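If you want the building blocks of each chain, they are given just below.
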Amino acid sequence: MKPAIIVSRPIYAEVIDRLRNHFEVTAHQTDPEWTLAGWTQALSAHDGALTMGIEPVNDAVLSACPRLKICANLSVGYNNFDVPAMTRHRVVATNAPDVLTETTADFGFALLMAAARRVTEAERYVRAGHWQKWALDMLPGMAVHGSTLGIIGMGRIGQAVARRGALGFGMRVLYHNRSRLSAEAEAECRASYVTKQALLEQADHVVLVLPYSKESHHTIGAAELAMMKPTATLVNIARGGIVDDAALAQALLSGQIAAAGLDVFEGEPSVHPDLLKASNVVLAPHIGSSTRATRLAMAHLAADNLIAFFEKGTTLTPLNPEVLAAI
Ligand code: DGY
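Residues numbered from 1 in each chain as written. Predicted model: local features only at pLDDT ≥ 70, side-chain atom pairs only at ≥ 80, totals over all residues. Heavy atoms only, no water.

Notes on the nonpolar core
(1) Moving on: Counting residues in hydrophobic clusters, the biggest one holds 57 residues, and the most contacted among them are Val7, Leu19, Leu50, Leu149, Ile151 and Val161.
(2) Moving on: Counting contributing residues per domain, this core is built from domain 1 (4-99 + 292-326) and domain 2 (101-283), each supplying no fewer than three.
(3) Moving on: Leucine 50 has contacts with Ile6, Val7, Ser8, Ile11, Leu19, Ala72, Leu74, Ala299, Ala302, Ala303 and Leu306, leaving out every residue within four places of it along the chain. (Core = buried A, V, L, I, M, F, W, Y, C linked by side-chain atoms within 4.5 Å. Buried < 20%, exposed > 50% of the residue type's maximum accessible area, 1.4 Å probe, protein only. Domains from an automatic or database assignment. Contact = heavy atoms within 4.5 Å.)

Here it is, written out as structure tokens:
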């Protein structure tokens with residue numbers, strides 16, 4: 001009998017078709033409003049799951065799912081997984097790195113430029129019919145070329161943002177990360193390692209690309225915003241919760257920093273009501289990796305992980321390889 005796989009939410013039909021060649025597939029091509037109990041019950045009837053990075057897989061869920069052997073996230077972020085609990089329950093966890101790196105870095109730059117050059121404010125101004133004449137001082141923004149870019153979180157996406165800044169825009173690139181890159185990697189993306197405080201004090205544009213964890217919760221809060229230049233912009237393409245959104249809204253409304261570009265939010269899809277009041281923030285609904293080609297590649301990578309696991313006892317991008325080794 002084929003293993004039973006659940007696909008938690010709608011994905012491309014061609015990926016479902018591919019999965020059906022290998023598995024009994026329960027697809028949810030109409031977006032379900034999962035309750036925790038409903039999700040847990042559905043998961044418990046399957047050997048594996050293709051998840052979208054938002055369905056909880058934690059100790060309580062796993063205790064009710066003794067049949068489950070693998071969860072393959074379609075996203076690179078995996079803060080929906082309690083990986084130590086998955087390891088204890090001998091459930092393999094995989095994510096989808098690499099295939100979205102350049103696309104997400106592109107979007108980080110799109111938000112940086114839109115925030116710094118006030119693109120969405122300008123568009124609202126024109127649409128509202130306020131544009132009567134050309135004016136020298138109309139909507140002045142902050143320079144991107146030749147400015148200082150500060151990147152917090154220097155994994156694959158952070159390095160791709162750094163290359164865009166250094167090579168495309170002649171920016172001086174500073175970075176802060178849990179561990180320092182090798183000299184070769186620093187040279188390749190022309191980035192210099194500094195403390196978080198030095199980065200916040202010196203950068204004209206701060207881009208956040210670090211994974212969410214208890215340790216990275218509110219990496220940027222009121223104290224950090226106070227260290228930034230009043231002309232600085234802040235871009236979050238990482239995860240909600242890395243920024244204290246209430247503190248950021250106050251900093252934007254009071255002019256403590258100049259602008260922000262946000263693709264992710266605390267408690268998304270809710271957005272802090274004070275952020276909605278600020279005209280100097282560009283808001284996006286978590287679309288950093290959203291080109292069709294990239295989202296399709298992410299879905300295929302998650303499917304590849306499920307197929308490799310059930311047919312060869314391996315995976316391409318494991319998060320807890322020790323579980324595989326113990327099988
Ligand atoms: C990711 O892959 O983590 C993106 O943020 C999409 O969820």
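There is more to say, and it comes next.
Here's the deal with the packing of aromatic side chains
(1) Moving on: Per the counting criterion, the structure on display carries 5 aromatic pairs.
(2) Moving on: With a centroid separation of 5.3 Å and an interplanar angle of 70°, the aromatic rings of tyrosine 175 and tyrosine 193 are classed as edge-to-face. On the criterion of sequence distance, the pair formed by tyrosine 175 in strand S7 (residues 172-176) and tyrosine 193 in strand S8 (residues 191-193) is long-range, its members being 18 residues apart.
(3) Moving on: Overall, tyrosine 193 belongs to the partly exposed group, its relative accessible area being 29%.
(4) Moving on: Look at phenylalanine 309 and phenylalanine 310: their rings are 4.9 Å apart centre to centre, the planes differ by 80°, and that puts the pair in the edge-to-face class.
(5) Moving on: Ring-pair connections join several aromatic residues into one group, and the members of that group are Phe23, Phe309 and Phe310. (Phe/Tyr/Trp six-rings, centres within 6.5 Å; stacked < 30°, edge-to-face > 60°. Helix = DSSP H or I, 4+ residues; strand = E, 2+ residues; numbered from the N terminus.)

Concerning the domain arrangement of the protein chain
(1) Moving on: Taken domain by domain, the protein chain comprises domain 1 (4-99 + 292-326) and domain 2 (101-283).
(2) Moving on: Centre-to-centre, using C-alpha coordinates, domain 1 lies 32 Å away from domain 2.
(3) Moving on: Both sides together, the interface formed by domain 1 and domain 2 hides about 530 Å², and carbon and sulfur atoms give 41% of it.
(4) Moving on: If you sort the residues of domain 1 by the area they bury against domain 2, Asn79, Asp98 and Thr294 come out on top, with a joint share of 66%.
(5) Moving on: At the junction of domain 1 with domain 2, the criterion picks out 1 salt bridge.
(6) Moving on: Between aspartate 98 and arginine 156 there is a salt bridge; the shortest N-O distance is 2.6 Å.
(7) Moving on: Put simply, domain 1 and domain 2 have 4 residue pairs in polar contact (both at pLDDT 80 or more) between them.
(8) Moving on: Each residue belonging to the side of domain 1 that touches domain 2 can be placed in one class, and the counts come to 2 nonpolar, 4 polar and 1 charged. (Buried area = accessible area lost by both parts, 1.4 Å probe. Salt bridge = Lys/Arg side-chain N within 4 Å of Asp/Glu carboxyl O. Polar contact = N/O pair within 3.5 Å; in protein donor to acceptor, adjacent residues only side chain to side chain. Nonpolar A, V, L, I, M, F, W, Y, C, P; charged D, E, K, R; others polar.)

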